[in-house]
Amino acid sequence: MTWHPSPKPPPRDGLIQTNKKADHMSRPTRSLPALVRDGARPVRRRTRTFRPNYLSFAGTYQCNLSCPHCCVPIEWPDRLDIAAAIAFLEDAHRYGIRMLGLTGGEPFIYPEFVMAICRRAAELGFAFDKIMTNGVWFEDQFDLQRTLQDLADTGFTGKLGLSVDKFHGVDTDLLAEFCRTARQVFGRDNIISISYASRAPDLGLEPVRALAKKLDGFIEWSDVLRRYLLVTPELTITLNWNHLAPVERAERFTGGWKRGERPGARDEGPDRSGTTELTEGTEKPGSVPSVNSVAGSASWFVEDYCEGPGQALIVNPRGEVKPCCGFASDLDQLTIGNIYRHSVKQIVRMARKHPYVGKVFREGLTSIRDEILARDPDALPGATSNHCFFCWYVLTRGLASGVNGGGGQIGSWTGPRPNFTGGLIQLGLIKENPKSRARSEALRAQ
């Protein structure tokens, strides 16, 4: 094999004061806390190495939407083989992994995959995380009701992670129909969670507010959960913020780097003193905002060893396995194995030996940054508070040791690119087990 070269930080302290009749939301007045990601999944022993405890499948890249901020290559037609995915699921269970999620593309464009995986996972006793969905994929009410009932019948006990923000071409009526139907089918008030992408946790909530109004609900800040909640008479929905960044389709946006900050100067959270804060409602309805993200008023990300989005086996529709679900997860540089050719044990071993992945989980992203800046103090445009954007940037630009550059959507960043050393790197991995290869080929032939 050759290498070519998500819950998120809480918003401002304080409670959102909501008036349902006026559909009004006042902004908290105190400053945001340091930009740190949500706590990692619990483990018995938190050693600094790659030790995955989460499995996720993307059965298809394809989607019925084309969102301007999406980092998934929805043009690719690949679909993950169901038999191979179930075999890998069973192998992950034997390895000790017990939590499962599904994403895409839009997972429900490939419903037979979703149902087969969830059914077998329930039989094995997996804990379910979320199935990420745009919530507007169905043809009509009958299609929606039938598909969600089929999912409930598999034994799925997780949440439906609904994407609701300015980038998803929001159809509030369809989203409301999705939420009501999910509540009816699953009989749980917490069946839905919402993810939204914006420059800061307390920005970009207008589409969610519109959905709350349609559901006769309101949005309020929870001091206990450290996030917003959308509460209706029938639903209690948690809101999860995604830190927007200029990657892939959004590369034309700005604001990923804070220029003028001396890179590496400090590792604390953002200092908002003396900065100008954009307020809710400053953008024109339906417009695509530029990414004047929190990075624009912050310095460096806080080191967390990628415990939140990482420590995972993220399987894409080509069978490639990645160690995290961040912006860079579809780059070749982060491939640590393939379910058609490798066992879970082999993939974990390869990840630990990977020149970039292994170092991130042992020493953190700050070690990657410090190595780059020690080699060339001007290699980075500035400082960024966004972990995943930093990772994506240094990988596509060939700045990290041991892996080539390449990937991305714009200009010279499309296709393979030499590493900073000036050459393409060939890395040898463990030899493939011939029996494992034969078993995988047999599965694919079925």
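Residues numbered from 1 in each chain as written. Predicted model: local features only at pLDDT ≥ 70, side-chain atom pairs only at ≥ 80, totals over all residues. Heavy atoms only, no water.

1. Here's the deal with the overall build of the protein chain
To keep it simple, the criterion reads: Under the DSSP-based scheme used, a helix requires at least four consecutive residues in state H or I and a strand at least two consecutive residues in state E, with every element numbered from the N terminus. When a residue's accessible area, from a 1.4 Å probe over protein chains only, is under 20% of the maximum for its type it is buried; when over 50% it is exposed; and in between it is partly exposed.
When its secondary structure is counted, the protein chain shows ten helices and 15 strands. Buried positions account for 55% of the 446 residues belonging to the protein chain.

2. A look at the nonpolar core
Which entries qualify depends on this criterion: By nonpolar core is meant a set of buried Ala, Val, Leu, Ile, Met, Phe, Trp, Tyr and Cys residues that side-chain atoms within 4.5 Å join together. Only heavy atoms matter for contacts: two residues are in contact if any of them lie within 4.5 Å across the pair.
Core analysis: the biggest nonpolar cluster contains 106 residues, and Phe57, Leu160 and Tyr356 have the highest contact counts within it. For phenylalanine 57, the residues in contact, after removing those within four places along its chain, are Leu80, Ala85, Phe88, Leu89, Leu100, Gly101, Leu102, Thr103, Phe113, Ile117 and Val315.

3. Some points on the packing of helix 8 (residues 365–375) against helix 9 (residues 387–396)
The line we're drawing: In this analysis, axes come from line fits to C-alpha atoms, helices being fitted only over the stretch in contact, and the angle between any two N-to-C directions falls in the range 0 to 180 degrees. Working rule for angles: under 35 degrees goes down as roughly parallel, over 145 as roughly antiparallel, 65 to 115 as roughly perpendicular, anything else as oblique. When the near helix sits turned anticlockwise from the far one by under a right angle, the crossing is termed left-handed; a clockwise turn instead gives a right-handed crossing. Note on residue categories: nonpolar means Ala, Val, Leu, Ile, Met, Phe, Trp, Tyr, Cys or Pro, charged means Asp, Glu, Lys or Arg, and polar means any other residue, Gly included.
Here helix 8 crosses helix 9 at 45 degrees, and the two axes come no closer than 11 Å. Relative to helix 9, the element helix 8 is oriented oblique. Every pair of crossing elements has a handedness; the one defined by helix 8 and helix 9 is left-handed. The residues of helix 9 that touch helix 8, namely those facing Leu365, Ile368, Arg369 and Ile372, are His387, Phe390, Cys391 and Val394. Among the residues forming the contact of helix 8 with helix 9, the class breakdown is six nonpolar, one polar and one charged.

4. Points about the pairing of strand 5 (residues 127–133)
Rules: For two strands to be treated as a pair, DSSP must find no fewer than two bridges joining them.
Both strand 4 (residues 99–103) and strand 5 contribute to a ladder of three bridges, which runs parallel. Counted as the bridge partner of leucine 100 is phenylalanine 128 from strand 5. With four bridges joining them, strand 5 and strand 6 (residues 159–163) adopt parallel strand pairing. Counted as the bridge partner of methionine 132 is glycine 161 from strand 6.

5. Considering the sheet that holds strand 3 (residues 55–58)
Read from one edge of the open sheet, eleven strands run 8-9-10-7-6-5-4-3-11-12-13, paired in mixed fashion. Looking along the sheet, the strands with just one partner apiece sit at the ends: strand 8 (218–222) and strand 13 (337–338). Alignment of strand 11 (residues 313–315) against strand 12 (residues 320–322), held across two bridges, turns out to be antiparallel. When the sheet's bridge partners are listed, valine 315 is paired in strand 12 with valine 321. Across the sheet, helix 2 (residues 111–124) touches strand 3, strand 4 and strand 5, and the angle it forms with strand 4 is around 175 degrees.

6. Some details on the environment of valine 394
By the secondary structure assignment, valine 394 is in helix 9. Leave out the neighbours within four places in its chain, and valine 394 touches Tyr356, Ile368, Ile372, Leu380, Leu399 and Ala400.

7. Quick word on the packing of aromatic side chains
Geometrically, a pair of aromatic rings is defined through the distance of the ring centres and the angle of the planes. Here is the rule: For Phe, Tyr and Trp, where Trp contributes only its six-membered ring, two rings pair if their centres lie within 6.5 Å, and the inter-plane angle classes them as stacked under 30 degrees, edge-to-face over 60, or tilted in between. Only lysine NZ and arginine CZ atoms are considered, and such an atom sits over a ring when it is within 6 Å of the ring centre and within 35 degrees of the ring normal.
Inspection of every chain in the model, using the stated rule, returns 18 aromatic pairs. Aromatic side chains phenylalanine 301 and phenylalanine 390 sit 5.3 Å apart centroid to centroid with 55 degrees between the ring planes, which places their arrangement in the tilted category. One end of the pair, phenylalanine 301, is in the loop between strand 10 (236–243) and strand 11; the other, phenylalanine 390, is in helix 9, and 89 residues separate them in sequence. Summarising the burial analysis for this pair, phenylalanine 301 and phenylalanine 390 share the class buried. Through pairs of rings, three or more aromatic residues link up here, namely Trp257, Trp300, Phe301, Phe389, Phe390, Trp392 and Tyr393. Above the plane of the ring of tyrosine 110 lies arginine 79, whose end atom (NZ or CZ) is 4.5 Å from the centre. The ring of tryptophan 76 is capped by arginine 318, whose NZ or CZ atom sits 4.0 Å from the centre of that ring.

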